[in-house]
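Architecture and fold: a report
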Amino acid sequence: MFVRYALPGERVRVRVTAERGSYWHAEVVEVVEPSDDRVASLCPIAGVDGAGCCDLAFAAPAAVRLLKAQVVANQLQRLGGHTWSGPDTGADPLSDSGPTGWRTRVRLDVGADARPGFHRYHSDQLVTDLRCAQLPAGMLDGLAEGLVKADLSPGAQLHVAVDDDGERHVVRTLRQGGGKTATKVIEGSYEAAQRVGARRWRVPVTAFWQAHRDAAGTYSNLVADWAQPGAGMTVWDLYGGTGVFAAALGEAVGESGRVLSVDTSRAATRAARAALADLPQIDVVTDSVRRALTAQRRGADVAVLDPPRAGAGREVIGLLAAAGVPRIVHIGCEAASFARDIGLYRGHGYVVDKIKVFDAFPLTHHTECVALLTR
C-alpha cells in the first residue's frame, strides 16, 4: 500500500483511494503516531484536502532530502541493477536559500468560475488560494484583480514567470478546435529574459525553462565539468531545449569543434538559435532525437542527454551505444525512468562513474538525477 502524506515509521489511519490488484493507493486522514521528522506544513494550501502542489511540505527539509536519495538508490537497484549508496546527507540542495520561494515559473488552470487555481491531487477541482510555498513573495500579487478584464474562459491556462530582470509576465493560453491554441499576453511580454553566466536568453513564457532559480546555472556547470569537452571535440546535446548546455559545451570545443543540439520544441530551438548566434560551431536542430541520431554519419566524443520524464529509452540509448560514444552525461527528472535508463546503458557495456541527486523541487517528491557513464 502506497500511502500519500505519511512518513516511514508513522502509525496513521488512511483512506484507500485506488485498488490496483497487488497494490493499493491511500492517503492519510489521521496521524496517530507521528514521526520525529513531521513538521507543521510549510505550504498553507497543500495537504490531503488541499492543493497537490507541495506533497512533502509536512516533512523536515533535511529528512526529505534523505528520503529522496533513498528512493533513487532503491530505484537504481531494482530497475537499473546498479548499487548506489548516495551521500549520508541525502539529495543536494540547489542553493542555501531554503525550501520555499524557489520557483520562477508556474502554470495555473482556470475553473468554471473563471478563477485561476492549483489542482487538487489527481482531480479536476481547483484550489483558488494561490499561496503555494514554492512561489516567491509577490509573484502572484494582484493577479486575480488584474484578470477581471483578461477574457478568461474555463479550461484556459495562465503561465506566470518572473524573469532574471525581475519583470513579471502573464500569458493566457486556450485550446481551440483543430488542435490550435490561442495565446494572449495579459501582463509583461510573451518572452522572459533568462540568464546563465554572462549569456542571455529570451524564452517564451509558455516554453520550458528550469523552474528553480538556481537550476540552470548549477546543471550547466556540472555538465561542463563531467562532460570534459575540449577543443575540436564533437558533442551531442540531446533534448537540448533552449541550448543552456550547448552554450557551455560550444565555448569549450571552440570553432574547431562541433556541438549538435537537438530538441522537438520549435519555441525552444528558436530561442537557442537566437541566444547562441555568436557560436557558429553549434548546430541547433528541431527534430526528434531518434531521427537526428539516425542521420549522423559519424559519432561524438561525448553526449549530454536531458530527456523528459519518460526518459531516453531503449532505442535512443541503443543508437548512442552503436555510435560508440565513449562518455555520456545523462540527466533525469523522474527516478524510475532514470534508473531504467541507467540499466540500459549498463547493458551496452557502460560503467556508471558518478551519480548526483539534487533536491531540485523542494517540498515535493520530485528529484533531478545526473549520471556520468563511460565505456
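Residues numbered from 1 in each chain as written. Predicted model: local features only at pLDDT ≥ 70, side-chain atom pairs only at ≥ 80, totals over all residues. Heavy atoms only, no water.

**With respect to the packing of aromatic side chains**
Applied cut-off: Two rings from Phe, Tyr or Trp (for Trp, the six-membered ring) form a pair when their centres are within 6.5 Å of each other. A pair whose planes differ by under 30 degrees is stacked, one over 60 is edge-to-face, and the rest are tilted. Exposed residues in this analysis have more than 50% of their type's maximum accessible area, buried residues have under 20%, and partly exposed residues fall in between, with area computed by a 1.4 Å probe over protein chains only. Criterion for a charge above a ring: Arg CZ or Lys NZ at most 6 Å from the ring centre, at most 35 degrees from the ring normal.
Counted by the stated rule, this structure contains 6 aromatic pairs. Between tryptophan 201 and tryptophan 209, the aromatic rings sit 5.9 Å apart at their centres with planes inclined by 55°, giving tilted as the arrangement. On the basis of relative accessible area, tryptophan 209 is assigned to the buried category, the value being 9%. Lying across the ring of tyrosine 121, arginine 4 places its NZ or CZ 3.4 Å from the centre.

**Some points on the sheet that holds strand 6 (residues 116–119)**
Backbone hydrogen bonds hold the strands of a sheet together, and the pairing may be parallel or antiparallel. Applicable threshold: By definition, two strands form a pair when at least two bridges between them are found by DSSP. Runs of E in the DSSP output that reach at least two residues are strands. Runs of H or I that reach at least four are helices, and both are numbered from the N terminus.
Ordered in space as 7-6-5-8-9-10, the 6 strands form an open sheet in which the pairing is antiparallel. Among the strands making up the open sheet, the edge pair consists of strand 7 (126–127) and strand 10 (181–187). Bridge count for strand 5 (residues 105–110) against strand 6 is 2 bridges, and the pairing is antiparallel. Within strand 6, the position partnered with valine 110 by the bridge is proline 116.

**Quick look at the pattern of salt bridges**
Threshold: Salt bridges are identified by distance alone: a Lys or Arg side-chain nitrogen within 4 Å of an Asp or Glu carboxyl oxygen.
Inspection of the entire model under this criterion finds 17 salt bridges. Residue aspartate 55 is joined to arginine 4 by a salt bridge in which the shortest nitrogen-to-oxygen separation is 3.5 Å. Of this pair, aspartate 55 sits in the loop between strand 3 (24–33) and helix 1 (61–80) while arginine 4 sits in strand 1 (residues 2–4); the two residues are 51 residues apart in sequence, bridging distant segments of the chain. The pair aspartate 55 / arginine 4 is uniform in exposure class, with both members buried. When the shortest N-O distance is used, the salt bridge between aspartate 359 and lysine 68 registers 2.5 Å.

**Some points on the pairing of strand 16 (residues 302–305)**
Inclusion rule: Whether a crossover is right-handed comes down to one check: with the strands pointing away from the viewer, does the path from the first strand over the helix to the second run clockwise; if it does, it is right-handed.
Because side chains alternate across strand 16, one face comprises the buried residues Val302 and Val304, and the other comprises Ala303 and Leu305, equally buried. The pairing of strand 13 (residues 234–238) with strand 16 spans 4 bridges and is parallel. Looking at strand 16, one finds that leucine 238 is bridged to leucine 305. Where strand 16 lies against strand 17 (residues 327–332), 3 bridges are found, and the strand directions are parallel. In the sheet register, valine 304 faces strand 17, and the bridge partner there is valine 329. You can see the chain leave strand 16, run along helix 7 (residues 313–322) and come back into strand 17, and the turn it takes is right-handed.

**Remarks on the nonpolar core**
Threshold: For this analysis, a nonpolar core means a set of buried residues of the types Ala, Val, Leu, Ile, Met, Phe, Trp, Tyr and Cys, connected via side-chain atoms within 4.5 Å. Residue contacts follow a heavy-atom distance rule, with two residues in contact if any of their heavy atoms lie within 4.5 Å.
With 39 residues, the main nonpolar core has Trp201, Phe245, Leu249, Leu276 and Val329 as its most contacted residues. Secondary structure elements with two or more residues in this core: strand 12 (199–204), helix 3 (215–227), helix 4 (244–253), helix 5 (266–275), strand 15 (282–286), strand 16, strand 17 and strand 19 (368–374). Among the elements that make up this core, the one with the highest residue count is helix 3 (7 residues). Contacts of leucine 276, omitting those with residues within four sequence positions, involve Arg199, Trp201, Gly243, Ala246, Ala247 and Ile282.

**Some remarks on the layout of surface pockets**
To keep it simple, the criterion reads: The definitions used throughout rest on a 1 Å grid laid over the protein atoms alone, on which a cavity is an enclosed set of points accommodating a 1.4 Å probe that cannot get out and a pocket is an open set flanked by protein within 12 Å on both sides along at least five of seven lines; lining residues are those having an atom within 4 Å of a point. Grid points are joined across faces, edges and corners, and a volume is the space filled by probe spheres set on the points.
Roughly 1300 Å³ of internal volume is contained in the second largest pocket. At the level of secondary structure, the elements contributing two or more residues to the lining of the second largest pocket comprise strand 1, strand 2 (11–19), strand 3, helix 1 and helix 8 (335–347). No other element matches the 6 residues that helix 1 contributes to the lining of the second largest pocket.

**A look at helix 1**
Which entries qualify depends on this criterion: Expected helix span is computed as 1.5 Å times (number of residues minus one).
Relative to the 28 Å expected for 20 residues at 1.5 Å per residue, helix 1 spans 27 Å between its end C-alpha atoms, a close match to the ideal helical length. Every buried residue of helix 1 is accounted for by Ala63, Val64, Lys68, Ala69, Val72, Ala73, Gln75, Leu76 and Gly80. Packing partners of the buried residues in helix 1 comprise helix 8, strand 18 (351–359) and strand 19. Downstream of helix 1 by one or two residues, glycine 81 has phi in the positive range, about 65°.

**Notes on the packing of helix 7 against helix 8**
The cut-off we apply is this: Lines are fitted to the C-alpha atoms to define the axes, a helix being fitted only along its stretch in contact, and any angle between axes, read from their N-to-C directions, falls within 0 to 180 degrees. We call a crossing left-handed when the near helix sits turned anticlockwise from the far one by less than a right angle, and right-handed when that turn is clockwise. By the convention adopted, Pro, Cys, Tyr, Trp, Phe, Met, Ile, Leu, Val and Ala count as nonpolar, Lys, Arg, Asp and Glu as charged, and the other residues, Gly among them, as polar.
Direction vectors running N to C along helix 7 and helix 8 enclose 35°, while the axes themselves pass 10 Å from each other. For the pair helix 7 and helix 8, the sense of crossing is right-handed. Contacts between helix 7 and helix 8 involve Gly313, Arg314, Ile317 and Leu320 from the first element and Arg340, Asp341, Leu344 and Tyr345 from the second. Here the residues of the contact of helix 7 with helix 8 sort into 4 nonpolar, 1 polar and 3 charged.

Shape is all these values report; function is a separate question.
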